[in-house]
Amino acid sequence: MKARRSFYNMTFGFISQIVTIAFGILIPRLFILKLGSEANGFMASIGQIFVYMSILEAGVGTATIQALYKPLSLDDKYSINSILSATSKYYKKTGRFYLLAVLTMSIVYSVCIKSEINNVSVFLVILLTGMVGVINFFFQAKFKLLLTAEGKGYIVTNIGIIINILTNITKITLLMLGYNIILIQLAYFIINVLQMILISLYIKKKYKWINLNVKPNYSAISQKNSVLIHEISTMIFNNTDVFILTIFCGLKVVSIYVMYNLVFQMINNFINNINSAAVFTLGSTYYENRNKFLSLYDAYELYYMATVFALYSITYILVLPFMKLYTAGITDINYIDSWLPILFVTLNLMSFARIPGVNAISVAGHFKKTQNRTILEAAINIVVSLICVNKFGIYGVLIGTIIALLYRTNDIIIYTSRRILKRSSLITYKRWLVNIVLFLSIVVTSNKLNIAPNSYIKFAKTGFILLIIIFPIFFIVVSVFEIKSFKYALGFVKKYLNIFTNKFK
């Protein structure tokens, strides 16, 4: 059952990412062409605002998922209901604060922002965007947590695919017809309400036993405050760049950052999909069998890290050719910069290759024990970025993030190895070293080959060729260095294949 759900999560997650990438490539360019780089920067900027405002939810979501793993494995429906009851009451309380925050931000941002976009438009766009979150707090957030903890995140993903297609087709239509951003966000709001209705209908049909009126078990999510600190720190860390650039460099520079980040976010989404499918299995295995967990973790970290480095090797080679194709004809600001791929790849490699350690901390429930470390990471990012932004501009905020990552990534490796896995951190550092050497070798070789596709067709062909060459290189090399994990992973894959072969006989 776990294997099947993990497979579904990964498969439908990939389909979702393909849909997201297709629209993610098309829509930002349409925004720039139809409404200008400033409008594109504005939409990215308000997106970051609501990431910051999500601190009102941060903590309880992760704490609830972690708390649900054990009762779900035991099919203890009363405990599940009591945890969901506590979560529901928390969400309803914070939903009111979120609504107030949306109204406040709509007013403050419309008055303070320096832009050609008029104040009324700024106010309405922020309000419509924020109301989606308000409704989510009151009606569906708790149910999405249940589905995630039970390994049924693919249900949310499938509904999300439908909503994503409807939303983006509507955006494209409205942009092509010349409508403004107010109507575009109104359409976004209406379609997202439909998503909430669909999830509620699924829960009522499949989970008739849910009862939110039982006595809430607040102790089960007692770590929510420690998780909250982690989530706030992570949120600040991940979104400081756009916020600082908005204040110090203007919306056009924000648009440059966002366009590069768009490319990397597509890759990040694929990586997150792999991670999401694995977390459910790691979480349930941790509470069942420690030796099995350690074997699973080793194979997961080994091949997850290889996947991350392989994907970013390809991304580094192709990001500038893509940006030249994608921004052709856009003249209000220059989007081509050879330093940005280096900085973005460095940042993302350190952010995502450390995720197995982050997951170990999460499933083990070590939130309170590591909260000061994550606060320090966010503080380093903010301080260094603020110091560097005036002198180095967009480079400065990226440098600030990289310096913070150097500290926290090493801290995660050491803490996870010593406190949770109970072993030497040299095992993980060896994996990093092997992948870094492979990455640099591929980058140096590609620079000598001068790969520069000058059309989308050639770009797609080049990407496919790089994919079928680079991925096997990483997987073969890391397997040679760790035969034991290779054999475990091979057995795991065979188990998957047997399950689905038998299912469809």
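Coordinates for the structure precede this section.
Basis of the calculations
- Residues numbered from 1 in each chain as written.
- Predicted model: local features only at pLDDT ≥ 70, side-chain atom pairs only at ≥ 80, totals over all residues.
- Heavy atoms only, no water.
- Helix = DSSP H or I, 4+ residues; strand = E, 2+ residues; numbered from the N terminus.
- Buried < 20%, exposed > 50% of the residue type's maximum accessible area, 1.4 Å probe, protein only.
- Contact = heavy atoms within 4.5 Å.
- Areas by Shrake-Rupley, 256 points an atom, 1.4 Å probe, with all protein chains shown as cover.
- Core = buried A, V, L, I, M, F, W, Y, C linked by side-chain atoms within 4.5 Å.
- Phe/Tyr/Trp six-rings, centres within 6.5 Å; stacked < 30°, edge-to-face > 60°.
- Salt bridge = Lys/Arg side-chain N within 4 Å of Asp/Glu carboxyl O.

Trainee: So what's going on with the overall build of the protein chain? Which residues, and what values?
Mentor: Within the protein chain, the secondary structure is distributed over 18 helices and zero strands. Looking at the 505 residues of the protein chain, the share that counts as buried comes to 56%. If you take every contact in the protein chain between residues at least 6 apart in sequence, the share linking residues at least 24 apart comes to 86%. Carbon and sulfur atoms make up 66% of the accessible area of the protein chain, which amounts to about 23,000 Å² in all.

Trainee: Can you explain the nonpolar core? Please cite residues and give values.
Mentor: Of all hydrophobic cores here, the largest spans 89 residues; its most connected members are Tyr312 and Phe474. Not counting residues within four places of it along the chain, the set of residues in contact with Tyr312 comprises Phe264, Ile267, Asn268, Ile271, Val345, Asn348, Leu349, Phe352 and Phe439. If you look at the next biggest cluster of nonpolar residues, it comprises 58 residues, including Leu68, Ile126, Phe143 and Ala149.

Trainee: Account for the side chain of Asn192, naming residues and giving values.
Mentor: Along the chain, Asn192 falls in helix α8 (residues 181–206). Exposure remark for Asn192: the relative accessible area of 10% places this residue in the buried category. Ignoring sequence-local partners within four residues, the contact set of Asn192 consists of Val132, Ile163 and Thr167.

Trainee: For the packing of aromatic side chains, give the residues involved together with the corresponding values.
Mentor: In the structure shown here, the tally under the stated rule is 15 aromatic pairs. Each ring, one from Phe264 and one from Tyr312, has its centre 6.2 Å from the other, and the planes form 25 degrees; the classification is stacked. In this pair, Phe264 is assigned in helix α10 (residues 251–286) and Tyr312 in helix α11 (residues 290–326), connecting sequence segments 48 residues apart. By relative accessible area, Phe264 is classed as buried at 0%. One aromatic cluster in this structure is built from Tyr257, Tyr260, Phe264, Tyr312 and Phe344.

Trainee: How would you sum up the pattern of salt bridges? Please name residues and give values.
Mentor: On inspection of all chains with the given rule, the structure shows eight salt bridges. The salt bridge involving Asp411 is made with Arg373; its shortest N-O contact spans 2.5 Å. With Asp411 in helix α15 (residues 394–420) and Arg373 in helix α14 (residues 367–392), the pair connects residues that are 38 residues apart, well separated along the chain. Residue classification places Asp411 among the buried positions, given a relative accessible area of 12%. Linking Asp411 and Arg408 is a salt bridge whose minimum nitrogen-to-oxygen distance equals 2.4 Å. Taken together, the residues Asp411 and Arg408, both in helix α15 and three residues apart, mark about one turn of the helix. Accessibility classification places Asp411 together with Arg408 in one group, the buried group. Within the structure, one salt-bridge network assembled from shared partners comprises Asp298, Glu301, Arg423, Arg431 and Glu482.

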